[in-house]
Amino acid sequence: FVNFVDHATMSIGAVTDTARGFKTIVGLADGGGNDLAVLHDGVGNDTYVSISDNFSNRGVMIYSSGVTGVAAGFHTTVGLADGGGVNTAVVHDSQYSDTFYSYADRQVMFIRSSIYVTSGFNNVIARADGGGDDFAVFFDSLGNDTLSAQSSEAVFTYPIGPVVTMQQFRHVTANHTS
């Protein structure tokens, strides 16, 4: 499933379906397997939200134009800010023990049997508000990164890349790799 602000396509084997002109487009992966969904942002200030609850795992791209793209039930969901604007991604954990990794070029949340990836966003907020014993791990870049932390929030700023805010994680680790 690939979603853009003006259309979405779903491919199953050799068959591809395209939807255009809808205010909300939903891609549903309910057949099992390692299905992939990619939600691209538009030219405006868009927001990507990932949610994992008792109903399903889903990624939602909310476009500044009022259009919404939804990917539900996919093994891997990618929110990709490649269209311009000042964009924000909000990644929620599940009720289980989850792990969030932050790199300068991408952020990855592993939730039981699902993976959420964000890339290209100006601001990324990872929230461990669903329960479980959650871990957050920062990896630095080649530049001068900044980490500020308090009891319930850690903010990692990459000089070329996003500002990543992690909230309510029980375990936070910052790694110097360069």
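Examining the overall build of the protein chain
Then, in step 1: Looking only at helices and strands, one finds 0 helices and 19 strands in the protein chain.
Then, in step 2: Scaling as 2.2 N^0.38, a compact globule of 178 residues should have a C-alpha radius of gyration of about 16 Å, and the protein chain matches this with 16 Å.
Then, in step 3: With the principal axes as the frame, the protein chain shows a C-alpha extent of 45 × 35 × 25 Å.
Then, in step 4: Looking at the protein chain residue by residue over its 178 residues, the buried ones come to 43%.
Then, in step 5: For the protein chain, contacts bridging at least 24 residues in sequence account for 62% of all contacts bridging at least 6.
Then, in step 6: In the form shown here, the protein chain has an accessible surface area of approximately 8,800 Å², with 53% of it arising from carbon and sulfur atoms.

Details of the sheet that holds strand β5 (residues 36-40)
Then, in step 1: The sheet built from 10 strands is open, its strands ordered β3-β2-β1-β5-β9-β13-β12-β11-β15-β19 with mixed pairing. Either end of the sheet is taken by a strand with one partner, and the two such strands are β3 (15-20) and β19 (171-175).
Then, in step 2: Sheet topology places strand β9 (residues 76-80) next to strand β13 (residues 114-119); 5 bridges connect them, and they run parallel. Within the sheet, the bridge partner assigned to Leu80 lies in β13 and is Ser119.

Describing the nonpolar core
Then, in step 1: If you look at the biggest cluster of nonpolar residues, it comprises 31 residues, and the most contacted ones within it are Phe100, Met166 and Phe169.
Then, in step 2: Of all the secondary-structure elements, those providing two or more residues to this core are β5, β10 (88-92), β12 (107-111), β14 (123-127), β15 (135-139), β17 (153-157) and β18 (163-167).
Then, in step 3: With sequence-adjacent residues up to four places away left out, Phe169 is seen in contact with Phe100, Met109, Ala126, Arg127, Ala128, Asp134, Phe135 and Ala136.
Then, in step 4: If you look at the next biggest cluster of nonpolar residues, it comprises 5 residues, including Val38, Val78, Ile115 and Val117.

Basis of the calculations
Residues numbered from 1 in each chain as written. Predicted model: local features only at pLDDT ≥ 70, side-chain atom pairs only at ≥ 80, totals over all residues. Heavy atoms only, no water. Helix = DSSP H or I, 4+ residues; strand = E, 2+ residues; numbered from the N terminus. Rg over C-alpha atoms; globule rule 2.2 N^0.38 Å. Buried < 20%, exposed > 50% of the residue type's maximum accessible area, 1.4 Å probe, protein only. Contact = heavy atoms within 4.5 Å. Areas by Shrake-Rupley, 256 points an atom, 1.4 Å probe, with all protein chains shown as cover. Pairing = 2+ DSSP bridges. Core = buried A, V, L, I, M, F, W, Y, C linked by side-chain atoms within 4.5 Å.

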